[in-house]
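Here's the letter readout for the chains.
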Amino acid sequence: MIYLAGGPVRDALLGRPVADLDFVVEGDGPQLAKEIAAEIGGQVVVHPRFSTASVALEGTRVDVVTARRETYSQPAALPDVTAGSIADDLHRRDFSINALALPLVDSRPQVLDLHGGLDDISLGLVRSLHPNSFVDDPTRIFRAVRYQQRLGFSIEDDTLAQLRDAVAGGHIASLTPDRVRHELERIFQEDEPAPSLQCLSALGVLGAIHPSLAYPQAETHLAAVAASQREIAPPGHLVYVAALTYPLSEAQAEAVIQRLSMPANWARLVRDTVRVKVLENALAVSHAAPAALARQLDGFCPEALWAVSRLTCSPAAAQRISGYLNELRCTAPALDGSDLLAMGVPQGPLVGRLLQELRDAKLDGRVSTELQERRLVQAVLTNEGSTTVHG
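Residues numbered from 1 in each chain as written. Predicted model: local features only at pLDDT ≥ 70, side-chain atom pairs only at ≥ 80, totals over all residues. Heavy atoms only, no water.

1. Points about the nonpolar core
- If you look at the biggest cluster of nonpolar residues, it comprises 86 residues, and the most contacted ones within it are Phe142, Leu197, Ile209, Tyr240, Met262 and Leu297.
- Ignoring any residue separated from it by four or fewer positions in sequence, one finds Leu297 in contact with Leu279, Leu283, Leu305, Ile321 and Tyr324.
- Within the second largest apolar cluster, 14 residues are counted, among which are Val345, Leu350, Val351 and Val367. (Core = buried A, V, L, I, M, F, W, Y, C linked by side-chain atoms within 4.5 Å. Buried < 20%, exposed > 50% of the residue type's maximum accessible area, 1.4 Å probe, protein only. Contact = heavy atoms within 4.5 Å.)

Structure below.
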């Protein structure tokens, strides 16, 4: 028997778009996935440990799993899997609203609902299936909040109590860095990440990930970033990582980077955010010329600068950072390296120094035309005693 199960059934009942399909097979799921891939020309990836497989075609993914039972040898461990029935498969799931299945071979199929999921959908509730659900798999804490915010539901009272107990019991610390980061990545992919992150902060989840993420202004910072994203085109949802780590010291930032085993782009964003924050006081009182300001901020990733400009308490610092992002950062001389070489500038470090001098001069208004730039190059070379430049 083959069933459409989980999220696609839930979303169809709610009238929401169904992006990916999840099938459960009382039989050999990976073998069926291979047959589907052969039929439609998709690519199949098999995960033997969990008897699951995925078929991808033109941006759409179909998951095919063998109906299974799951047991947990210890809290937060990956489950041990054995083949089972559709009832077993629905019983292992996280929430009642995801424990739904639609048989695909019946002429008039009815939704199979063994855990009150249909009622919970009508009541707008996220309800766990088992008292130890969040202990067995603490990633469900993140998913409960994500579904709550995405669907506009409430977390059922007993489920919320179980969630709080799991957080207080330190079970999030049992999750590997990759599993925690993956759950945060899924939140960042939501249309509105901020409400879920604010809820995680209020529930103490962020502090359970790392103590330095538990600070009073976290929810305010997230709200500020979310509000700014609605005003102008944001640089990307990773600015929420910057918002969460903005108040940290360099030592705390490094500890969070390690806790989440951050990839290079995340780690750079966090480090740059902390370092730009250190510059706020200097920026607030600075009367530096545009070129000097650009030199001060060049090299920091734009997402970090964008986040600090929204979170700083200094209007002057925010104005200078925004001015750099919107104007100075994009300013470049008309001449490039190949133009300098064509003028006779010898290949080597002098090319880079001259390009920097040209950019500084343009930022400070000392040159505005290509002819003026060429004259400046000739003057610099003459002053350095260089050979004749042909321009």
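Picking up where we left off.
2. Topic: the side chain of Asp137
- Within the secondary structure, Asp137 sits in the loop between helix H5 (133-136) and helix H6 (139-151).
- Beyond its immediate chain neighbours, meaning those up to four positions away, Asp137 contacts Tyr72, Arg143 and Arg179. (Helix = DSSP H or I, 4+ residues; strand = E, 2+ residues; numbered from the N terminus.)

3. Observations regarding the packing of helix H16 (residues 290-297) against helix H20 (residues 349-363)
- Taken N-terminus to C-terminus, the directions of H16 and H20 make an angle of 125 degrees; their axes are 7 Å apart at the nearest point. One finds that H16 runs oblique with respect to H20. Contacts from Pro290, Ala291, Ala294 and Arg295 of H16 reach H20 at Gln356, Arg359, Asp360 and Leu363.
- For the contact of H16 with H20, the per-class residue count stands at 4 nonpolar, 1 polar and 3 charged. (Axes fitted to C-alpha atoms, helices over the stretch in contact; angles between N-to-C directions. Parallel < 35°, antiparallel > 145°, perpendicular 65-115°, else oblique. Nonpolar A, V, L, I, M, F, W, Y, C, P; charged D, E, K, R; others polar.)

4. Re empty space enclosed by the protein
- Under the defined criterion, the tally for this structure stands at 1 cavity of 30 Å³ or more.
- Quantified by volume, the largest cavity comes out at close to 90 Å³.
- Along the walls of the largest cavity sit Leu184, Phe188, Leu206, Ile209, Leu213, Val241, Leu244, Thr245, Val256, Leu260, Met262 and Trp266, which together make up its complete lining.
- The set of elements that each furnish at least two residues to the lining of the largest cavity consists of helix H8 (177-188), helix H10 (205-209) and helix H12 (239-245). (1 Å grid on protein atoms, 1.4 Å probe; cavity = no way out; pocket = protein on both sides within 12 Å on 5 of 7 lines; lining within 4 Å. Points joined across faces, edges and corners; volume = space filled by probe spheres on them.)

5. What to know about the environment of Ala307
- Along the polypeptide, Ala307 turns up in helix H17 (residues 302-311).
- With a relative accessible area of 0%, Ala307 lands in the buried category.
- Residues Ala307 and His221 lie 86 residues apart in sequence; the distance between their C-alpha atoms is 9.3 Å.
- Leaving out residues up to four positions away in the same chain, Ala307 has contacts with Val239 and Ala242.

6. Concerning unusual backbone geometry
- Here the phi dihedral of Ser51 falls at roughly 55 degrees; this positive angle occurs in a residue that is not glycine.
- With respect to the element layout, Ser51 can be found in the loop between strand S3 (43-47) and strand S4 (52-57).
- Phi at Ser261 takes a positive value of approximately 45 degrees, unusual for a residue other than glycine.
- Examined against the element boundaries, Ser261 turns out to sit in the loop between helix H13 (250-259) and helix H14 (264-278).

7. Details of the pairing of strand S1 (residues 2-5)
- Relative to strand S2 (residues 21-25), S1 runs antiparallel, the two being bridged by 3 bridges. Bridge pairing in S2 places Ile2 opposite Val25.
- Pairing of S1 with strand S8 (residues 100-103) involves 3 bridges; the strand directions are antiparallel. Along S8, the bridge assignment pairs Leu4 with Leu102. (Pairing = 2+ DSSP bridges.)

8. Examining H13
- Within H13 the residues assigned to the buried category are Ala253, Val256, Ile257 and Arg259. The buried residues of H13 all sit within an arc of 165 degrees when viewed along its axis, so they share a single face. Summarising the geometry of H13, the exposed residues directed more than 90 degrees from the buried face are Ala251 and Gln258.
- Looking at the packing, one finds that the buried side of H13 touches H8, H10, H12 and H14.
- Ser261 lies just past H13 and shows a positive phi near 45 degrees. (Arc of directions from axis to C-beta.)

So far we have only geometry, and geometry alone does not tell us how the molecule works.
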